[in-house]
Amino acid sequence: MCEVKNFLKKYMPFIMTLFLWRLSIYFWNPAGILALIPIFYYTFVRPINGFAIFGLIFCFLIDYRCNLPLFWTCIYCLFYAVIGFQNYVDMQHTNNNAIHIFMLFIGIGILLLIFSGLTWANLINNIWLFIWLNVLYTPITAIDNWIKP
């Protein structure tokens, strides 16, 4: 049992990201966008060595599936640069696993997507996507807190 827990502690971020990206369902997880949750969490809130490159690759793969050339990849890189150059917000010690900062990260991207093609269907779909990503942020990050006490 200890071997399984050690394996999960080490490889859970990578497995979770790959699983959520691969589990692509149109309404619930379009183009594997739920993979942005572990990408954000394990890059900024609980940083893991080497995960930033992995997150960058998966942001590119999400863009590829969405037909958005380098959209989430650029937002990820921009956010990584902004967080790297400031020291005001300590995301590793924030409440609720930094969900408010995740809402900002996703909100900027969703807002840009809403205004890229302003139709009612696009508006409703992107609002749903914003709400769904933020609702699932807490249970997905709770899995990490459960494995790593």
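All figures in this text were calculated on a predicted structure; none of them were measured in a lab. (Residues numbered from 1 in each chain as written. Predicted model: local features only at pLDDT ≥ 70, side-chain atom pairs only at ≥ 80, totals over all residues. Heavy atoms only, no water.)

A. Quick peek at the packing of aromatic side chains. Applying the stated criterion across every chain yields a total of 28 aromatic pairs. Taking 5.3 Å as the distance between ring centres and 55° as the angle between the ring planes, the aromatic pair formed by F40 and F44 counts as tilted. Linking F40 with F44, this pair stays in helix α2 (residues 36-45), spanning four residues, or about one helical turn. Given a relative accessible area of 6%, F44 falls into the buried group. For the ring pair W128 and W132, a centre distance of 5.2 Å and an interplane angle of 20° mean the geometry is stacked. (Phe/Tyr/Trp six-rings, centres within 6.5 Å; stacked < 30°, edge-to-face > 60°. Helix = DSSP H or I, 4+ residues; strand = E, 2+ residues; numbered from the N terminus. Buried < 20%, exposed > 50% of the residue type's maximum accessible area, 1.4 Å probe, protein only.)

B. Local environment of the nonpolar core. F40 and W72 are the most contacted members of the largest nonpolar core, which has 41 residues in total. Among the secondary structure elements, those contributing two or more residues to this core are α1 (2-22), α2, α3 (51-66), α4 (71-85), α5 (99-116) and α6 (120-147). Once you skip the residues sitting within four places of it in the chain, F40 turns out to touch V45, F79, M91, A98, I101, F102, F105 and Y137. (Core = buried A, V, L, I, M, F, W, Y, C linked by side-chain atoms within 4.5 Å. Contact = heavy atoms within 4.5 Å.)

C. Broad picture of α1. Counted at 1.5 Å a residue, the expected span for α1 with its 21 residues is 30 Å, and the 28 Å between its end C-alpha atoms agrees. Taking the largest bend as the criterion, α1 deviates by roughly 65°, centred on Y11, and proline P13 comes between one and four positions later. Among the residues making up α1, those that are buried are M12, P13, M16, T17, L20 and W21. On its buried face, α1 is in contact with α2, α3 and α6. (Expected span 1.5 Å × (residues − 1). Bend = angle between axes of the 7 residues up to and from the residue.)

D. Quick look at the pattern of salt bridges. Enumeration over the complete set of coordinates arrives at one salt bridge. Taking the shortest distance from any N to any O, the salt bridge between D144 and R46 comes out at 2.7 Å. In this pair, D144 is assigned in helix α6 and R46 in the loop between α2 and α3, connecting sequence segments 98 residues apart. (Salt bridge = Lys/Arg side-chain N within 4 Å of Asp/Glu carboxyl O.)

E. Structural detail: a nonpolar patch on the surface. A surface patch of nonpolar side chains, about 670 Å² in accessible area, is lined by F19, L23, I25, Y26, F27 and W28. Along the polypeptide, L23 turns up in the loop between α1 and α2. Using a relative accessible area of 37% as the deciding quantity, one classes L23 as partly exposed. (Patch = residues over 30% accessible without salt bridge, like charges linked within 9 Å, V, L, I, M, F, W, Y side chains within 5 Å. Areas by Shrake-Rupley, 256 points an atom, 1.4 Å probe, with all protein chains shown as cover.)

F. Broad picture of α5. Between its first and last C-alpha atoms α5 spans 25 Å; for 18 residues at 1.5 Å apiece the expected length is 26 Å, and the two agree. When we look at burial in α5, the residues that qualify are I99, I101, F102, F105, I106, G109, I110, L113 and I114. In the core, the buried residues of α5 are packed alongside α2, α4 and α6.

G. Representation of the packing of α5 against α6. In contact at an axis separation of 10 Å, α5 and α6 are set at 165° when each is read in the N-to-C sense. Classed by the angle they form, the pair α5 and α6 counts as roughly antiparallel. Here α5 and α6 pass one another in a crossing that is right-handed. Contact residues: α5 offers I99, F102, M103, I106, G107, I110, L113 and I114, while α6 offers N122, L123, N126, I127, L129, F130, L133, N134, Y137 and T138. Class assignment of the residues belonging to the contact of α5 with α6 gives a composition of 13 nonpolar, five polar and no charged. (Axes fitted to C-alpha atoms, helices over the stretch in contact; angles between N-to-C directions. Parallel < 35°, antiparallel > 145°, perpendicular 65-115°, else oblique. Left-handed = near helix turned anticlockwise from the far one by under 90°. Nonpolar A, V, L, I, M, F, W, Y, C, P; charged D, E, K, R; others polar.)

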